[in-house]
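Now for the letters of each chain:
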Amino acid sequence: MNDDTSVNGDGSNGGASVNAVRGMAPSDDVSTGRAGAAPGGRAAVIVAASVALVVIAIAAFSFGRLSTLADPTPTDASAEAGFARDMQVHHLQGTELALIVRDATDDPEVRLLAYDIATTQSQQAGQMYGWLSAWDLSQSGSEPSMAWMSLPADAGSSHEEHPATHAPGAPMPGLATPAQIEELRTLRGVDAERRFLELMIAHHQGAVEMADAALARASNDDVLRLAQSIVDSQTSEIALMQELLAERG
């Protein structure tokens with residue numbers, strides 16, 4: 001398995017499709033950190049993966065700053081700013097969950113899926129950080145999380161029917177609780193795979209809900225492109241994860 005997955009400017013996965021792994025067989029390549037790796041190989045992979053994610057996030061930050069130059073600057077209380085702040089938090093937890101399971105299983109399908117999720121979501125988080133920096137807005141904001149989802153939808157938007165179901169300050173949809181994350185850390189093998197898939201399906205469903213809300217409320221072209229990319233890619237991954245979960249009972 002080659003983990004050198006590329007990511008496009010809109011945050012979508014431009015490299016190996018997670019669906020393509022269905023026909024792959026495991027190998028003993030040290031670079032994968034799977035069974036057969038040399039002693040210390042798994043630890044080296046964790047460090048390498050972490051460094052790669054930092055590089056991806058920095059590149060995405062730079063891209064995020066440059067991509068906002070042509071659009072009017074969103075305000076602090078705008079849907080664009082709220083989406084960028086809250087989806088960063090959401091994506092960083094997704095990256096955390098993916099890295100946990102990638103070290104807890106040798107299954108090639110789950111490991112490739114986890115790698116794709118970690119790289120894509122860390123890249124997108126860096127891009128949204130770059131937006132806020134370019135807009136000269138605080139990363140934390142003055143309003144509670146999810147307040148932007150209570151804004152009215154734009155008239156004429158194809159997503160106008162999306163209801164505001166989350167009160168300001170309410171937990172973001174799909175976030176795993178600290179207890180659930182700690183539970184995942186204790187699991188190995190199929191048990192870890194099953195719990196990860198359960199958590200990540202809910203996590204993706206929450207992200208799609210947030211992205212749909214942004215599509216109904218934002219006007220910034222870069223935000224709309226990223227939100228649509230999240231809807232498309234994570235809807236596809238939900239279907240794949242449901243299939244993988246069914247295979248594990």
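In what follows, the structure referred to is the one given above.
What you are looking at is a predicted structure, and each value in this text was computed from that prediction instead of being measured.

Student: Explain the environment of histidine 204 residue by residue, including any values.
Tutor: Relative to the helices and strands, histidine 204 is located in helix α5 (residues 189-217). A relative accessible area of 0% places histidine 204 in the buried class. Considering only alpha carbons, one finds histidine 204 and isoleucine 238, 34 residues apart in sequence, at a separation of 6.7 Å. Apart from the residues lying within four places of it in its own chain, the contact partners of histidine 204 are Ile117, Gln121, Gln234, Glu237, Ile238 and Met241.

Student: Lay out the pattern of salt bridges with the relevant residues and their values.
Tutor: Per the counting criterion, the structure on display carries 10 salt bridges. Of the charged contacts in the structure, one is a salt bridge between glutamate 96 and arginine 185, with a shortest N-O distance of 2.7 Å. Here the residue glutamate 96 occupies a position in helix α2 (residues 79-102), and arginine 185 occupies one in helix α4 (residues 178-186), the gap between them amounting to 89 residues. For glutamate 96, a relative accessible area of 29% translates into the label partly exposed. Take arginine 185: its relative accessible area is 38%, and that puts it in the partly exposed class. Arginine 248 is the salt-bridge partner of glutamate 193, the closest N and O atoms lying 2.7 Å from each other. Here glutamate 193 is found in helix α5, whereas its partner arginine 248 is found in the segment after α6 (221-247), with 55 residues between them in sequence. The burial state of glutamate 193 is the same as that of arginine 248; both residues are buried.

Student: Summarise the packing of aromatic side chains; cite the residues concerned and give the values.
Tutor: Scanning the entire structure with this criterion turns up 2 aromatic pairs. When the centroid spacing of 5.8 Å and the interplanar angle of 80 degrees are considered together, the rings of phenylalanine 83 and tryptophan 148 count as edge-to-face. Of this pair, phenylalanine 83 sits in helix α2 while tryptophan 148 is found in the loop between α3 (108-134) and α4, placing the two residues 65 residues apart along the sequence. You can call tryptophan 148 buried: its relative accessible area is 2%. Aromatic side chains tryptophan 131 and tryptophan 135 sit 5.9 Å apart centroid to centroid with 25 degrees between the ring planes, which places their arrangement in the stacked category. Tryptophan 135 gets classed as buried once you look at its relative accessible area, which sits at 5%.

Reading guide: rules and limits
- Within each chain, residue numbers correspond to sequence positions counted from 1 in written order.
- The predicted nature of this model means local features are confined to residues of pLDDT at least 70 and side-chain atom pairs, given and counted, to a pLDDT of 80 or more, with totals for whole chains, interfaces and linings taken over all residues.
- Only hydrogens and water are removed before side-chain values are computed, so all heavy atoms of the structure are retained for them.
- Helical segments are the DSSP runs of H or I of at least four residues, strand segments are the runs of E of at least two, and each set is numbered from the N terminus.
- Only protein chains enter the area calculation, which uses a 1.4 Å probe; residues under 20% of their type maximum are buried, those over 50% are exposed, and those in between are partly exposed.
- Whether two residues touch is decided by their heavy atoms; if any such pair falls within 4.5 Å, the residues are in contact.
- Criterion for a salt bridge: a side-chain nitrogen of Lys or Arg within 4 Å of a carboxyl oxygen of Asp or Glu.
- The rule is short: rings of Phe, Tyr and Trp, with Trp giving its six-membered ring, pair when the centres are within 6.5 Å, and they are stacked under 30 degrees, edge-to-face over 60, tilted in between.

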